[in-house]
Each structure stands twice: as C-alpha cells, then as structure tokens.
Amino acid sequence: MSRGGWGLVWVGLQEIDQTQVALVGGKGAHLGELSRVEGIRGPAGFCVTTDAFQLIMAAAPSVDDRLDRLSRLKPDGREPIRALSAEIRRTLEGIAIPEDLAAGITRALVRLGEQAAYAIRSSTTAEDLPTASFAGHHDTYLNVVGPMAILQHVSRCWASLFTERAVIYRLRNGFDHRKVSMAVVVQQMVFPQAAGILFTADPVTSNRKVASVEASFGLGEALVSGLVNPDVYQVREGDIVAKAVATKQRAVFASPGGGTREQPIEPAQQNEPALTDAQVVQLAQLGRRIEAHFGSPQDIEWCLVDDGIQVVQS
C-alpha cells in the first residue's frame, strides 16, 4: 500500500477484505476477499482508493455547484441530466492527476510490471448493496497498456460515477451524489480461451442446489454485452443435469495494440462447446467454495486460461 500526504493512494488486492468497502468500493472489497479463499486463483492487482477520488473531486470546485443542480433535477428530466452529467465527466477527466498521486499509482504498476496489459474497473461504495444494484452503470476498460494510458483510464473510471444511467438511478433511489465515492481496480489482464458467468443459484428458479454456468469463447465482454448466446449448463451435486451448446458466431478478443475487438469464429468451431464437461463441474465446485466463504449465492465472472480457471469478479 502507498500513502500520500492526504491519505491512502493504493492498496494491493491481497491486503483487502470485505470490510473495506468505504476505501475500495464494492468490487474492490469482493476481489480482495476472494484472494483469501483457498484454491481460488485470480489476476494480481491493486485498488486506487476512494481517498484518491476525493482529492480529485476537491480539485474541481465547479463540480460542487453542478452536484447541487443535479440533486434538484427530477429522474425523468433526461435532457438536463444528460447535459449536466456530461459537464461533470468532462471536468473530472480534464483534471491533471497530481504528481504524488500519479507517482503512487505508477509505483504500484512497477511492482506488477509496467508494460503488462491491465483491466481497469470502476468500484463504487454503493455497489452491490442489498437494496440496490449499480451493475453496468460505471466503466470498465480492458487491455490497457502503459502507465500514461492506465492513468488516463483511471480518470475515466472516476468520471463514470456520473454516467447518465448512474445519475438517474441514484435520483430514483434517493442516493446522495456526494455520499457515493469511486475507487478503481487495476488488475493484470488475462487472455482467456473461454470466459463467462457462474451463478451458484439458478438465476431462473432461484434453486440454490443448482448452479448455472454460461460460457463463450474469448473475453467475457461478449456475453455481458449480449453480443453472443452462450453455452448454458446446469450442475446439481457434481452432475451436469442440463446442457445447451449455442452456435457462437462471434467473440471479443484483446487487440495487439490495446483495447478489444470483435471477430468472427471459424465455422468449424462455432458449435463446439467452450468448456469440457469436467471444466463445467470444476467451475461449479469452485463456485460452491466461494459461496460458502461469502455466505450467500454469488454471481461469478470467470476465465479459462491455459486450462486453469481464474476468477475475475464475484
């Protein structure tokens, strides 16, 4: 971990547990806690803390007045919300990250590998609350390479606290814009053969004895964004009880120069399952272990990398 004169700049994922939502947001706290579950592997990384975000907010006095105006708007006033939230995002992205803060983040990168590729994920303090779901409201960037690009994308994640969708959701649900803070997870990028989502309770029936696995080729973004219909498996007590292999025509892969690209899947591969049955059963077992640790059903994002399963979110 690294401190600036005004607070904690970043903290390694392995130093974080689920009590630290105020410092690292919901996603960061879950990822830190995941690293404590025996037998669960995930990419190395660190979290840029909410202290860093508060410093950036304090450097933009004009945001304060805009937040007052924003809080007075009605949730159905799409146009004024769109205009005002875009102004706030532009302001935050335009703030130069102070030198000591940038140096702290760069130090964390040097420890992990400065020229490695990273996934940069937003992690807010209002995420995954029992009474609210901000999933998909804030930004994630994949395959970001080089300290300058990483700092720029950290800024973009900070700004994404004020996407139009997130602002409307907060207005509708009575969340104070000032009470929600943003941390940013910086994780080494993995380049999977297949990826997907594991629900430890069946998402359709809520049956906690049945785990549901969704899988597609390449990065999980294709599945999350609805670009592909995934293979779907149901597992009960170590046995696959239902299996539907989809025709998977496209996938999302990392681009050599950074970022991601969609590409077609070879016709001969389109109807091949993305996972073997043994891998599906192994995934369900890992899911049960994670569920037992957290004490409640989990939605888990996973990747298959060199025949090993890595968990990137829960």
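Residues numbered from 1 in each chain as written. Predicted model: local features only at pLDDT ≥ 70, side-chain atom pairs only at ≥ 80, totals over all residues. Heavy atoms only, no water.

Draft legend 1. Spotlight on the overall build of the protein. Looking only at helices and strands, the protein features nine helices and 14 strands. With respect to the three principal axes, the spread of C-alpha positions in the protein is 55 × 45 × 40 Å. In the protein, which comprises 314 residues, the proportion classed as buried is 52%. Within the protein, residue pairs in contact and separated by at least 24 positions form 68% of the contacts whose partners lie at least 6 positions apart. Of note, the protein has its 30 positive side-chain charges centred 4 Å away from the centre of its 35 negative side-chain charges. (Helix = DSSP H or I, 4+ residues; strand = E, 2+ residues; numbered from the N terminus. Buried < 20%, exposed > 50% of the residue type's maximum accessible area, 1.4 Å probe, protein only. Contact = heavy atoms within 4.5 Å. Lys, Arg positive; Asp, Glu negative; His and termini not counted. Charge placed at Lys NZ, Arg CZ, Asp CG, Glu CD.)

Draft legend 2. Summary view of the layout of surface pockets. Of the volumes computed, that of the second largest pocket is approximately 160 Å³. Around the second largest pocket, the lining comprises 13 residues; the ones closest to its centre are Leu-31, Ser-35, Arg-41, Gly-42 and Pro-43. Split into classes, the residues belonging to the lining of the second largest pocket amount to seven nonpolar, five polar and one charged. (1 Å grid on protein atoms, 1.4 Å probe; cavity = no way out; pocket = protein on both sides within 12 Å on 5 of 7 lines; lining within 4 Å. Points joined across faces, edges and corners; volume = space filled by probe spheres on them. Nonpolar A, V, L, I, M, F, W, Y, C, P; charged D, E, K, R; others polar.)

Draft legend 3. Examining helix H6 (residues 147-159) more closely. Counted at 1.5 Å a residue, the expected span for H6 with its 13 residues is 18 Å, and the 19 Å between its end C-alpha atoms agrees. Among all positions of H6, only Pro-147, Ile-150, Leu-151, His-153, Val-154, Ser-155, Cys-157, Trp-158 and Ala-159 are buried. (Expected span 1.5 Å × (residues − 1).)

Draft legend 4. Structural context of the pairing of strand E13 (residues 299-305). With respect to burial, E13 is a largely interior element, five of its seven residues being buried. Relative to E13, strand E7 (residues 194-199) runs antiparallel, the two being bridged by six bridges. Across the sheet, the residue bridging to Ala-195 is Cys-303, located in E13. (Pairing = 2+ DSSP bridges.)

Draft legend 5. Broad picture of unusual backbone geometry. In this structure, Ser-206 is a non-glycine residue whose phi angle is positive, near 65 degrees. Classification of Ser-206 as exposed rests on a relative accessible area of 55%.

Draft legend 6. Highlighting the side chain of Thr-124. Here Thr-124 shows up in strand E4 (residues 117-124). In this structure Thr-124 touches Gly-25, Gly-26, His-138, Leu-161, Val-180, Ser-181 and Met-182, once residues within four positions along its chain are discounted.

Draft legend 7. Geometry of the sheet that holds E7. Read across the open sheet, the six strands follow the order E10-E9-E8-E7-E13-E14; overall the sheet is antiparallel. Of all strands in the sheet, those with a lone pairing partner are strand E10 (239-244) and strand E14 (308-313), marking the two edges. On average, each strand axis in the sheet is inclined to that of its neighbour by 25 degrees, with strand direction left out of account. Relative to strand E8 (residues 210-217), E7 is paired through six bridges, and the arrangement is antiparallel. When the sheet's bridge partners are listed, Ala-195 is paired in E8 with Ser-216. (Axes fitted to C-alpha atoms, helices over the stretch in contact; angles between N-to-C directions.)

Draft legend 8. Structural context of empty space enclosed by the protein. Tallied over the full model, the rule gives one cavity of 30 Å³ or more. A breakdown of the residues in the lining of the largest cavity according to their chemical character gives 13 nonpolar, four polar and three charged.

Draft legend 9. Seen up close, the environment of Ala-103. Within the element layout of this structure, Ala-103 appears in helix H5 (residues 99-112). Of the residues examined, Ala-103 reaches a relative accessible area of 31% and is grouped as partly exposed. In this structure, the C-alpha to C-alpha distance between Ala-103 and Ser-122, residues 19 residues apart in sequence, is 20 Å.

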